[in-house]
Amino acid sequence: MKILIVGSGGREHALAWRLKQSPRVTQIMAAPGNPGIAELAECVAVAADNIEGLVELARAERPNLVIVGPEVPLVLGLADKLRAIDIPVFGPSARAAMLEGSKGFSKDFMAKYNIPTARYRRFDSEQAAEAKAYLDTFDGPPYVLKADGLAAGKGVVIAESKAEAAAEIDAMLGGKFGAASASVVIEEFMKGEEASFFALCDGETAVALAGAQDHKRVGDGDTGPNTGGMGAYSPAPILDQAMQDRVMDEIVTPTIKGMKKDGRPYSGVLFVGLMIDDKHGPRVVEYNVRFGDPECQVIMTRLKDDPLPQLLACATGGLAGCARLERFSDHAVSVVMAGAGYPGEPKKGGVIGGLAKAGEVPGVTVFHAGTAKKGDDVVANGGRVLNVTATAPTLKDAAARAYEAVDLIDWPDGFCRRDIAWRALDRG
Ligand code: AMP
Ligand code: GLY
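Residues numbered from 1 in each chain as written. Chains lettered and ligands numbered in written order. Predicted model: local features only at pLDDT ≥ 70, side-chain atom pairs only at ≥ 80, totals over all residues. Heavy atoms only, no water.

A.B. asks: Mind showing me how you'd approach the overall build of the protein here?
C.D. replies: What the protein contains, in helices and strands, is 14 helices and 23 strands. Taking 428 residues into account, the globule formula puts the C-alpha radius of gyration at 22 Å, and the protein, at 21 Å, falls close to it. Principal-axis analysis of the C-alpha atoms gives the protein an extent of 60 × 45 × 40 Å. Counting across all 428 residues of the protein, residues that qualify as buried make up 59%. Here the contacts in the protein between residues at least 6 apart in sequence split such that 68% fall between residues at least 24 apart. Carbon and sulfur atoms form 50% of the exposed surface of the protein, whose accessible area is close to 16,800 Å². (Helix = DSSP H or I, 4+ residues; strand = E, 2+ residues; numbered from the N terminus. Rg over C-alpha atoms; globule rule 2.2 N^0.38 Å. Buried < 20%, exposed > 50% of the residue type's maximum accessible area, 1.4 Å probe, protein only. Contact = heavy atoms within 4.5 Å. Areas by Shrake-Rupley, 256 points an atom, 1.4 Å probe, with all protein chains shown as cover.)

As structure tokens, then:
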């Protein structure tokens, strides 16, 4: 079976790495891929947001399954265009991808189907005064403001004062994120512990895959600016079996049923960002219509069962009758190594040494997230550059193995957080 993976990050490297082990997979292609993926797959230089180029590639290569990594091509309708030429695709239609593509859509959807989330209202560019007045309905700061559309992970602002929130309302509605912030959602700040939950869906049925937690702030102790994610671990202790069952019953299943009812059947992976506290149980922070990055890296390395049959069933139906993915390694930790300056402008071009040695640490796989090849050298070419990922029977050992490998990597411009998985480790 021939698989085409769309994307170029650590998430896509982890998917390629896991599928390479499937006895049914004979060939993997990636568009555009990266130097790590190139060791496992044929990389074709078509960008992940070049919808026409990807459709052309698929038309020529006729893969048995296309797996779409990032959200942008899904929101732009890649899955619809591939289905129109009878190519099975793992990932939702544009109409279903609105769960991530429009915060306003996802909030209205949750309200309609009583899915637990933060209290909110939506405002457009004519309603700045009303938006500011709405701030008074909350107990006080912090205030949560969200650009409606995709803003490369930067569209959420947690304002620490009313003045900051008001200024941000003006900035967003004034076009700070272009069309993406022509409308904004203002919502209640939820307290609790965040976790990521992943379910596989075929439009009719959803099955739980796994939980994970990531670290969004750039600095140790969860300090500094937000990033795409500085590390992750799975399983997440807060998502024990009982909590996973609640998330399926109270959030995932009603989401899949509601989407079907609304004529937007959801297929692919549903990534629910959760806030969990004792008082409210699990509530939705946001939906994503793709795997998390770096959550995917810890889930793929933990997974012992071949995911291909389920991924294929998500694309073509019949997930309910598919054997469950049940066998997982105990724990995985992924540490993101980023270029100095990230999440601002990262330092690029530095040569990265020691990758082979790092990959020899037991249980360790080093995924490429933002690298390039310069002659025979691997060089840094992005913000998040490497995902040093390890599995082990305990979380503590998984973290220790990941950091042992990190310390073998010779890249003076790189940095990482030293406390990935601390919350779960502190818990004992
Ligand atoms: P997002 O870009 O939607 O992932 O949001 C970024 C981060 O903002 C989330 O991971 C949360 O930490 C935080 N956040 C978003 N919405 C809320 C909320 N209503 N209450 C508390 N934190 C939130
Ligand atoms: N790690 C969070 C995300 O992929 O959105």
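A.B. asks: Where do I start with the environment of Asp 419 in this structure?
C.D. replies: Tracing the backbone through its elements, the reader meets Asp 419 in the loop between strand E23 (414-415) and helix H14 (422-427). For Asp 419 and Ala 399, which are 20 residues apart along the polypeptide, the C-alpha to C-alpha distance reads 8.8 Å. Not counting residues up to four positions away in its chain, the partners in contact with Asp 419 are His 215, Asp 220, Gly 221, Asp 222 and Tyr 403. Of the polar contacts made by the side chain of Asp 419, one reaches the backbone nitrogen of Gly 221; its length is 2.6 Å. (Polar contact = N/O pair within 3.5 Å; in protein donor to acceptor, adjacent residues only side chain to side chain.)

A.B. asks: In this structure, what is going on with the site of ligand 1? I would like to understand it.
C.D. replies: Close to ligand 1 lie 14 residues; Glu 187, Glu 188, Met 190, Glu 194 and Glu 286 are nearest. Between ligand 1 and Lys 103, the relevant distance is 3.2 Å, taken from an oxygen atom to a side-chain nitrogen or oxygen of the residue. In this structure, Met 190 approaches ligand 1 through a main-chain N or O atom, which is 2.8 Å from a nitrogen atom. Protein contacts shield 90% of the accessible area of ligand 1, which totals 480 Å² for the unbound molecule. Listed by contribution, the elements that provide at least two residues to the shell around ligand 1 are strand E7 (143-147), strand E8 (156-159) and strand E16 (281-288). (Near = heavy atom within 4 Å.)

A.B. asks: I keep staring at the site of ligand 2 and nothing clicks. Help me out?
C.D. replies: Lining the immediate surroundings of ligand 2 are Asp 214, Gly 228, Phe 271, Arg 290, Gly 292, Asp 293, Pro 294 and Glu 295. At a separation of 2.8 Å, a nitrogen atom of ligand 2 approaches a polar side-chain atom of Asp 214. Between an oxygen atom of ligand 2 and a side-chain N or O atom of Arg 290, the distance comes to 3.0 Å. Class assignment for the residues of the shell around ligand 2 results in two nonpolar, two polar and four charged. (Nonpolar A, V, L, I, M, F, W, Y, C, P; charged D, E, K, R; others polar.)

A.B. asks: Which parts of the structure should I look at to understand the side chain of Asp 148?
C.D. replies: As for its position among the elements, Asp 148 is in the loop between E7 and E8. As a buried residue without a salt bridge, Asp 148 has its nearest oppositely charged side chain in Arg 122, at a separation of 4.1 Å. Setting aside its immediate chain neighbours within four residues, Asp 148 contacts Gly 101, Ser 102, Lys 103, Gly 104, Phe 105, Arg 122, Ala 180, Ser 183 and Val 184. (Lys, Arg positive; Asp, Glu negative; His and termini not counted. Salt bridge = Lys/Arg side-chain N within 4 Å of Asp/Glu carboxyl O.)

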